[in-house]
Amino acid sequence: RGTLYIVATPIGNLADVTERARAVLNSVDLICCEDTRHSQRLMEHLGCKTPLISLHEHNEREKSSLIVGKLNAGDSIALVSDAGTPLISDPGYVLVNQVVEAGLPVVPVPGVSAVISALSVAGLPTDRWYFEGFLPSKTGARVKRMAQLANNPETLVFYESSHRIVASLEDMVSEFGADRPVCVARELTKTFETTLRGTLEQVLQQVQADRNQQKGEFVVVLGGAKALEQGEEDERAFRLAAELKAVM
Ligand code: SAM
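Predicted model, so just to flag it, every value in this text is computed and none were measured.

Asker: Please explain the pairing of strand β8 (residues 181–186) as it appears in this structure.
Answerer: Taken residue by residue, a regular strand's side chains alternate between the two faces of the sheet. Counting buried positions along β8 yields 6 of 6 residues, so the element is predominantly enclosed. In β8, alternate side chains face the same way, and those of P181, C183 and A185 on one face and V182, V184 and R186 on the other are all buried. Sheet topology note: the β8/strand β10 (residues 217–222) ladder contains 5 bridges and is antiparallel. Paired with C183 across the bridge in β10 is V221.

And the structure:
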């Protein structure tokens, strides 16, 4: 029986690939990737000639059965995504689930992930954090989701694209409050890497003021809801009671 390796790849800087990733990608019989043309660049960098097949969100179910068959026949297979760690806001869950169900071995080959990279430099608490990944793209659904997260005391981590970074930060100001501390980590490990830190209002202003700050890939790391001081808690309970009374 073969093994399925879940291999992390760089999020921009090819020098971040691990020695073990290189060895595993060179030794397996087949590599599943999201986009063969995209992954080909990394394989060229690694001098890797292993055949590539595509596995993406639209064909993952059918490809997974095929891969389970190949593993059962003794082939070893690696899964990579376009960048970072597979399954982290990327395909792979269906495959890993099927491979586990089939009783076959799944082995991680860890490396970079944008969420961990951003948390490590944000300057916000990392003892507990909540990974939201991508927020809904439509404003209504996004604002609703933010409202559900507004009282979460843990640091919150979001993935965001260049199309929506400004709109998302604007919604965050209204839903989480202008004073929340935030770090917007852009283009990590790449030439134009930037980390903006401050309150939501300050960082939104910096991003709005400079079109270059709206380009590329983003991780937004947001401070959690501050634990309420006793005085604030009393005041809030009092206000809630008054509001309840008013509607009854
Ligand atoms: N699997 C990847 C990982 O482990 O981080 C994430 C893949 S997800 C489809 C892509 C998103 O990750 C981007 O929209 C961005 O939010 C974040 N991301 C990926 N690379 C990044 C980078 N170099 N700098 C900042 N964010 C990045």
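Asker: Got a minute to help me understand the site of the ligand in this structure?
Answerer: Around the ligand, the surrounding shell holds 24 residues, and the nearest of these are G84, S113, A114, Y159 and L188. Residue composition of the shell around the ligand, grouped by class: 10 nonpolar, 8 polar and 6 charged.

Asker: Just to check I follow, could you spell out the sheet that holds strand β4 (residues 77–79) for this structure?
Answerer: Strand pairing in a sheet relies on backbone hydrogen bonds, with the paired strands running either antiparallel or parallel. Judged by pairing direction, the sheet is parallel, and its 5 strands sit side by side in the order β3-β2-β4-β1-β5 without closing on themselves. Each end of this open sheet is capped by a strand with a single partner; those strands are β3 (52–54) and β5 (106–109). Adjacent strand axes in the sheet meet at a mean angle of 25°, parallel and antiparallel pairs treated alike. In the sheet, strand β2 (residues 30–33) pairs with β4 via 3 bridges, with the strands oriented parallel.

Asker: Can you help me understand the environment of N97 in this one?
Answerer: When you line up the elements, N97 lands in helix α4 (residues 93–101). Separated by 33 residues in sequence, N97 and S64 have C-alpha atoms that sit 9.2 Å apart.

Asker: Would you take a moment to explain the nonpolar core for this structure?
Answerer: Here is a general trend for soluble globular proteins: nonpolar side chains tend to be buried in one another's company. Judged by nonpolar contacts, the single largest core of 55 residues is most densely connected at V7, A78, A118, A185, V219 and V221. Aside from chain neighbours lying at most four places away, what touches V7 is A21, V24, L25, A78, L79, V80 and V109.

Asker: I keep staring at the pairing of strand β1 (residues 4–7) and nothing clicks. Help me out?
Answerer: Neither face of β1 is open: one carries L4 and I6, the other Y5 and V7, and all of them are buried. Examined bridge by bridge, β1 and β4 share 3 bridges and lie parallel to one another. Following the sheet pairing, L4 is matched in β4 by I77. Judged from the 4 bridges that link them, β1 and β5 form a sheet pairing that is parallel. Within β5, the residue paired with Y5 across the bridge is V107.

Asker: Got a minute to help me understand the sheet that holds strand β7 (residues 155–161) in this structure?
Answerer: Spatially, the 5 strands line up as an open sheet ordered β6-β7-β10-β8-β9, and their pairing is mixed. Of all the strands in the sheet, just β6 (129–134) and β9 (194–199) have a single pairing partner and so form its edges. Averaged over neighbouring strand pairs, the angle between their axes works out to 15° when direction is ignored. Across the sheet, helix α5 (residues 114–122) is in contact with β6, β7, β8, β9 and β10; its angle to β10 comes to roughly 50°.

Asker: What should I look at first to understand unusual backbone geometry in this one?
Answerer: Only a minority of non-glycine residues have a phi that is not negative, and only a minority of peptide bonds are not trans. For S89, which is not a glycine, the phi torsion comes out positive at approximately 50°. Tracing the backbone through its elements, the reader meets S89 in the loop between β4 and α4. Positive phi, normally seen in glycine, also occurs at T189, with a value near 70°. Given 16 C-beta atoms within a 10 Å radius, T189 is considered partly exposed.

Asker: What's the story with the environment of I6 in this structure? I'm lost.
Answerer: Among the structural elements, I6 can be located in strand β1. Assessed through the 21 C-beta atoms surrounding it within 10 Å, I6 is described here as buried. Spatially, the C-alpha atoms of I6 and E60 are 15 Å apart, while their sequence positions differ by 54 residues. The residues contacting I6, other than those within four sequence positions of it, are L79, P86, L87, G92, V96, V106, P108 and V109.

Asker: Quick question: what am I supposed to make of the confidence of the model for the chain here?
Answerer: Regions with low pLDDT carry predicted coordinates that are not meant to be interpreted in detail. Confidence in the prediction of the chain, expressed as mean pLDDT, is 95, and 97% of residues score 70 or more. Per the prediction output, this complex has pTM 0.92; the corresponding ipTM is 0.99.

Rules used throughout
- Residues numbered from 1 in each chain as written.
- Predicted model: local features only at pLDDT ≥ 70, side-chain atom pairs only at ≥ 80, totals over all residues.
- Buried ≥ 20, exposed ≤ 12 C-beta atoms within 10 Å, placed from the backbone.
- Helix = DSSP H or I, 4+ residues; strand = E, 2+ residues; numbered from the N terminus.
- Pairing = 2+ DSSP bridges.
- Near = placed C-beta within 6 Å.
- Nonpolar A, V, L, I, M, F, W, Y, C, P; charged D, E, K, R; others polar.
- Axes fitted to C-alpha atoms, helices over the stretch in contact; angles between N-to-C directions.
- Core = buried A, V, L, I, M, F, W, Y, C linked by C-beta atoms within 7 Å.
- Contact = placed C-beta atoms within 7 Å.
- pLDDT = per-residue confidence, 0-100.

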